[in-house]
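Residue-level structure breakdown
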Amino acid sequence: MANARGPLRVNSCATARRSKLDRRTYTSSLAVATISVRSERSRASGEVEERTGMGDMQMKSAVGANTRFAPLLIAFGYGALTRIAPTPLEWNGQDTDGIECQISHRQWQEHVAKRPEIEDALELTKTAMIAAESVESDSHRPADEERRYFRILRVSGQSQWSRHFLVVSVKYVRQNDDKWIKFYQSCWYERK
Amino acid sequence: MKIQALGYDPEADELDLLIDTDAPQAAEAVPLDAGVYIRRDPDSGRVVGAFIRGYANFLRAMLAEQEISAVEAVKAGLEKEFSAILEWQRKALRLSRDLVAHLGAQSGKDRHALVETLLTQAS
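Residues numbered from 1 in each chain as written. Chains lettered and ligands numbered in written order. Predicted model: local features only at pLDDT ≥ 70, side-chain atom pairs only at ≥ 80, totals over all residues.

Details of the overall build of chain A
Assigned secondary structure in chain A consists of nine helices and six strands. Within chain A, buried positions represent 48% of all 192 residues. When contacts within chain A are restricted to residue pairs at least 6 apart in sequence, those whose partners lie at least 24 apart make up 51%. (Helix = DSSP H or I, 4+ residues; strand = E, 2+ residues; numbered from the N terminus. Buried ≥ 20, exposed ≤ 12 C-beta atoms within 10 Å, placed from the backbone. Contact = placed C-beta atoms within 7 Å.)

See the structure below:
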């Protein structure tokens, strides 16, 4: 995993060149409008989300590469509408209800780079995904849908984080074969 | 207060920020308002960053110039940091608007060149 700041910037222009420049992006100059358009398009495709959990916003390549300018780039719509190919998994397993759980390798590594405290929290994250101490709705993500919903999971931290909860956000996505998969989204420590 | 965007994760819809540091530090997260979480050293309490959950909604609210509650930020004694993040986002949006207005009058090729030049110089 490249450092979240340095090497990634090298790719920014090359990535931007590959991006499709949508005229609506310029005329509206509304980041959210751009995001919505892209979100609908990517969701319409369905395939990516079902397979990888990466279907909400397909701006990873450009925005991720230009990490320090994310808000600016989002406002520009500087994100290619390219599909994100399925990425290797950091881990997959089953929770206590038999639901498959997945953590994307790339996503995990990127989060560790941005939040060093979770570097040693992979096992605890798995624990949260398998058998959380508490489960609640995620008020910062979209409302529940028939085939997709978001939840916040908590487990008690360990060692120097024993006074904290490890909080893990996850997305459940129902597949074409009606099987549900629980995708890791993000995690952080919160004081108990 | 020095704030820098560290990275946006479109899958999680989260934007990470660095505050008064040039590299990510281990931190606990304190949930405030509007999806903003302050990251601070669990021992010293020094603020080292933040992340914004539901960044699309946050941007939508900022673009609409909606009033954003700071109730939790005040409770946590992090009102100054919360306000600084809102102001940082406003500045970024103003810059975006200026650039978009400027680019709108140029050809596609020039737009590409300008954006890439800005990105390179700003890096």
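Right, picking up where we left off after that structure.
Some details on the nonpolar core
Counting 50 residues, the largest nonpolar core has Leu166(A), Val168(A), Leu17(B), Leu32(B), Val36(B), Tyr37(B) and Ala50(B) as the members making the most contacts within it. Those residues in contact with Tyr37(B), other than ones at most four positions away along the chain, are Trp188(A), Ala29(B), Val30(B), Pro31(B), Leu32(B), Ala50(B), Phe51(B) and Arg53(B). (Core = buried A, V, L, I, M, F, W, Y, C linked by C-beta atoms within 7 Å.)

A short note on unusual backbone geometry
You will see that Asp178(A), though not glycine, has its phi angle at about 75°, which is positive. With respect to the helices, strands and loops of the structure, Asp178(A) is situated in the loop between β5 (164–174) and β6 (180–191). Of note in the backbone geometry, Glu65(B) takes a positive phi value of approximately 55° without being a glycine. Turning to its location among the elements, Glu65(B) is positioned in the loop between α1 (55–63) and α2 (71–76).

A closer look at the environment of Asn176(A)
Residues and elements named next belong to chain A. With respect to the helices and strands, asparagine 176 occurs in the loop between β5 and β6. When the 10 C-beta atoms within 10 Å are taken as the criterion, asparagine 176 is described as exposed. Measuring from C-alpha to C-alpha, the distance between asparagine 176 and arginine 154 comes to 29 Å, with 22 residues separating the pair along the chain.

A word on the pairing of β5(A)
Residues and elements named next belong to chain A. Counting buried positions along β5 yields nine of eleven residues, so the element is predominantly enclosed. The sheet contact formed by strand β4 (residues 148–156) and β5 spans nine bridges and is antiparallel. Bridged to arginine 148 within β5 is valine 173. Here β5 pairs with β6 via eleven bridges, running antiparallel. Across the sheet, residue valine 170 finds its bridge partner in β6, namely tyrosine 184. The antiparallel pairing of β5 with β6 creates a hairpin that spans five residues between the two strands, and aspartate 178 there sits at a positive phi of about 75°. (Pairing = 2+ DSSP bridges.)

A short note on the confidence of the model for chain A
Residues and elements named next belong to chain A. In the predicted model, chain A carries a mean pLDDT of 71, and the fraction of residues at 70 or more is 55%. Throughout residues 1–66 the model reports pLDDT below 50, and contacts reaching past four residues in sequence, or to other chains, amount to 138 contacts. Ignoring residues within four places in sequence, the model shows residues 77–84, a span with pLDDT below 50, making 32 contacts including any to other chains. (pLDDT = per-residue confidence, 0-100.)

Details of helix α8 (residues 105–114) of chain A
Of all the positions in α8(A), only Gln107(A), Trp108(A), Glu110(A), His111(A), Ala113(A) and Lys114(A) are classed as buried. Buried-residue contacts for α8(A) involve β1 (89–94), β2 (100–104), α9 (122–130) and β6 of chain A together with β1 (3–9) and β2 (14–19) of chain B.

With respect to α1(B)
For the α-helix, the turn length of 3.6 residues means that residues three or four positions removed from each other point alike. Residue and element names in this part refer to chain B. Within α1, burial applies to Tyr55, Ala56, Phe58 and Leu59. Burial along α1 is one-sided: seen end-on, the buried residues are contained in an arc of 160°. Note on α1: the residue one or two positions beyond its end, glutamate 65, has a positive phi of about 55°. (Arc of directions from axis to C-beta.)

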